[in-house]
Amino acid sequence: MFPLFKKNVISKFMLSKFSGLFPRNITTMSSSGELCFPKTLEEFGYRFNDCGKLRKIDQKTGESTDAPFEFNISSDPSYNQKHYEALGEIITEEVYTMLRDLGLKQLPVPPGNDNSSFIFASEDAHLVPKLAVLIHGTGVVRAGQWARSLIINDSLETGTQIPYIRKAINLGYGVIVMNTNDNYRLIDGKKFPIEGSSNPSEHASTVWKHYVLPTAAEKILLIAHSFGGVVTMSLASNFEEDFLRRVKAIALTDSVHGRIPRAVSSRLAEYLSEVGRNWVTSSEPLDKMLPEQQGEIQCVSAGTTKHELTSASSIESVFNFAESLLASGPLATNNSI
C-alpha cells in the first residue's frame, strides 16, 4: 500500500447528492463551439486508490471500484482522444499536488518572471551535500512524471517520479525536479514562449544557472529519461566545469542521446563515459551489460522491453549505481553490477 497516494475525496453523501450535476463523461459546449470537460479528477469519475491506481468511481454510491480507465467511451474516436487529453491535464495538476504533499516547493523559472515556468525542489536542496536532479522526457509529461500513459493505465508508482523522489530523500539527497516541457503560455489564444524556458535545453540551463550552481552540493546525481538524456548532454556542454567537479553520477533510462556529442571536449566526453550509465529496453535480465562502444556511456538492460517502463524497472539499480559512485568514484566496467 502507498499512503502517499491517498487523497482527500468528496464524501459519499456529497457525491451522491451532486452526481447528477457532473456524471463521469459530461461535457459542455463553449460559446465558440469547443468542448468543455470537467475540471477535477472526481468530476471525470475517477480516483487514485491506495495503491496509486486510477479507478472509476461508482456514480451512485461514490465508492471507488476496481474498474480501470476506459478510453473508448464514445463511438467518436476524436472525442475519445480529446477526453483522454483533458483527463491528462487534470493528472498533471494532481501530480503537482502530490509533489507539494511530499514537501517540495514550487520555484519560478526564470526567477522574477510573471509568466515563468517552474520547477519543484525540496526545502534543503540548496543546503545538503548530495543533490539529485530529475529530468523527464519529451511530449506532454511535466514535472514529476515519467509517462502519462502509465499514470492513467497502470499506476503512479510506475508513471511518476514520486518513487525516485521519495527514495532520494530517504538517502539524504536534496531534490530538484525539472519541468523541461513547460515552454509557452497561452495569451488570448496565442502561444508565447517563456523567456529562459522556450525549449527543454534552455529550461534546463536556466534551472542549472539559478538553482543548481548556487547549491552547496558537493556531489550531484543526475537522473534523466528518454529525451532527458539529450538535455543532459546539452547541460554537460554548457556547464562543463561544474559537471567535472560535482556531477558524480549520471543515470539515464532509455536515453535517446545516441553518442556523446562530438562538440564536447575530450576531457568531458571521457568523464561522461565514466560516470554515466544508460538502462535501456532489452529482453536481457536487469543490469546485464550490453555491447559497449569505447568512449560512450555504458548501456545495461533495464529488464523490460517497454520504453516507458525503464525508469520504474531500474530504480533500485539506479540508486545502487549512484551510491557506489558517490562513495568511491567511477566503477570498473565488468559483465554485471
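Relevant structure appears above.
Structural notes, computed from the coordinates.

The rules behind the values
- Residues numbered from 1 in each chain as written.
- Predicted model: local features only at pLDDT ≥ 70, side-chain atom pairs only at ≥ 80, totals over all residues.
- Heavy atoms only, no water.
- Pairing = 2+ DSSP bridges.
- Helix = DSSP H or I, 4+ residues; strand = E, 2+ residues; numbered from the N terminus.
- Axes fitted to C-alpha atoms, helices over the stretch in contact; angles between N-to-C directions.
- Contact = heavy atoms within 4.5 Å.
- Salt bridge = Lys/Arg side-chain N within 4 Å of Asp/Glu carboxyl O.
- Buried < 20%, exposed > 50% of the residue type's maximum accessible area, 1.4 Å probe, protein only.
- Expected span 1.5 Å × (residues − 1).
- Polar contact = N/O pair within 3.5 Å; in protein donor to acceptor, adjacent residues only side chain to side chain.
- Core = buried A, V, L, I, M, F, W, Y, C linked by side-chain atoms within 4.5 Å.

## As for the sheet that holds strand 14 (residues 298-301)
The strand order across the open sheet built from eight strands is 5-6-8-7-11-12-13-14, with neighbouring strands paired in mixed fashion. The sheet is open, and its two edges are formed by strand 5 (105-109) and strand 14, each paired on a single side. Taking each pair of neighbouring strands and ignoring which way they run, the sheet shows an average axis angle of 20 degrees. Here strand 5 pairs with strand 6 (residues 117-121) via five bridges, running antiparallel. Its bridge partner being in strand 6, glutamine 106 is matched across the sheet by phenylalanine 120. Each of strand 7 (130-135), strand 8 (174-177), strand 11 (219-225) and strand 12 (247-253) is contacted by helix 6 (residues 162-170), which is oriented at about 155 degrees to strand 8, the strand it contacts most. Along the sheet, helix 7 (residues 200-212) makes contact with strand 5, strand 6, strand 7, strand 8, strand 11 and strand 12, crossing strand 5 at roughly 115 degrees.

## With respect to the pattern of salt bridges
Tallying each qualifying case throughout the model produces eleven salt bridges. Across the salt bridge formed by glutamate 241 and arginine 267, the nearest N and O atoms sit 3.4 Å from each other. A residue pair is termed long-range when its members are at least 10 positions apart, and glutamate 241 in helix 9 (residues 240-246) and arginine 267 in helix 10 (residues 266-275) qualify at 26 residues. Residues joined by salt bridges that share partners form a network here, namely Asp242, Arg245 and Arg246.

## Regarding the environment of glycine 62
When you line up the elements, glycine 62 lands in the loop between strand 4 (54-56) and helix 3 (77-101). A residue is classified by how much of its surface remains accessible, and glycine 62, at 4% relative accessible area, is buried. For glycine 62 and glutamate 42, which are 20 residues apart along the polypeptide, the C-alpha to C-alpha distance reads 9.6 Å.

## Points about the pairing of strand 11
Of all seven residues in strand 11, six are buried; the element is thus mostly enclosed. By the bridge criterion, six bridges tie strand 11 to strand 12 in an arrangement that is parallel. Paired with isoleucine 223 across the bridge in strand 12 is alanine 251.

## Overview of helix 3
For helix 3, which comprises 25 residues, the first-to-last C-alpha distance of 36 Å matches the rise-based estimate of 36 Å (1.5 Å per residue) to within 8%. Where helix 3 starts, the residue carrying a side-chain oxygen 3.0 Å from the main-chain nitrogen of serine 78 turns out to be aspartate 76. Glycine 103 lies just past helix 3 and shows a positive phi near 95 degrees.

## Focus: the pairing of strand 8
Side chains Gly174 and Ile176 of strand 8 all project onto a buried face; the interleaved residues Val175 and Val177 project onto the opposite face, where all are buried too. Relative to strand 8, strand 7 runs parallel, the two being bridged by four bridges. Following the sheet pairing, valine 133 is matched in strand 8 by isoleucine 176.

## With respect to the nonpolar core
Ranked by internal contacts, the top residues of the largest apolar core, which has 85 residues, are Ile176, Trp208 and Phe243. Of all the elements, helix 3 adds the most residues to this core, at ten residues.

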